[in-house]
Amino acid sequence: MLVALIAKDKPGALQIRKDTREEHLAYIKATGVVSQAGPLLDDAGEMAGSLVVLDVADMDAAQGWAENDPYAKAGLFESVELAAWKKVV
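If you're wondering where the values come from, they're calculated on a predicted model, not measured in any experiment. The numbering scheme is per chain: residues are counted from 1 as the chain's sequence reads. For this predicted model, a pLDDT threshold of at least 70 governs which residues receive local features, and a threshold of 80 or more governs which side-chain atom pairs are given and counted, while totals over whole chains, interfaces and linings are taken from all residues. With hydrogens and water set aside, each side-chain value is computed from the structure's full complement of heavy atoms.

Participant: Hey, could you run me through helix α2 (residues 59–68) in this one?
Facilitator: Remark: exposure states derive from per-residue accessible area (1.4 Å probe, protein chains only) relative to the maximum for the residue type, with buried under 20%, exposed over 50%, and partly exposed in between. Only DSSP runs of H or I with at least four residues qualify as helices, and only runs of E with at least two residues qualify as strands; both kinds are numbered from the N terminus onward. Within the sequence span of α2, burial applies to A62, W65 and A66. Projection of α2 onto a plane perpendicular to its axis shows the buried side chains occupying an angular sector of 100 degrees, all on one side. Within 3.5 Å is the distance limit for a polar contact, defined as a pair of N or O atoms, with the added protein rule that one can donate a hydrogen and the other accept it, and that residues adjacent in sequence qualify only through two side-chain atoms. Structurally, the start of α2 carries an N-cap: the backbone nitrogen of D60 is 3.2 Å from a side-chain oxygen of D58. The arc refers to the directions leading from the helix axis to the C-beta atoms.

See below:
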């Protein structure tokens, strides 16, 4: 199943994102369940969140992936939403 993870960073947390980025990217590569991903941007064009599409067995697997993401472990996110998603285009 495809699951969209939409996470918004805590205000003023850009440095946490930058400091944890390489570990986050390594996690994406190692887990092999990310279909597509990229940062959300604020009005100034700075990274301010994440959009990650996971291809996982179920919502529990998506939740586990989200909880173990180095960004989440570093306390980067103000909010995280997981939603089942269907690719059309």
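Participant: Teacher, can you tell me more about the pattern of salt bridges here?
Facilitator: Two side chains of opposite charge can pair, provided their charged atoms sit close to one another. What counts as a salt bridge is simple: a side-chain nitrogen of Lys or Arg found within 4 Å of a carboxyl oxygen of Asp or Glu. All told, the structure shown has one salt bridge when counted by the stated rule. In this structure, D9 and R17 form a salt bridge, with 2.8 Å as the shortest nitrogen-oxygen distance. Each member of the pair D9 and R17 is classed as buried.

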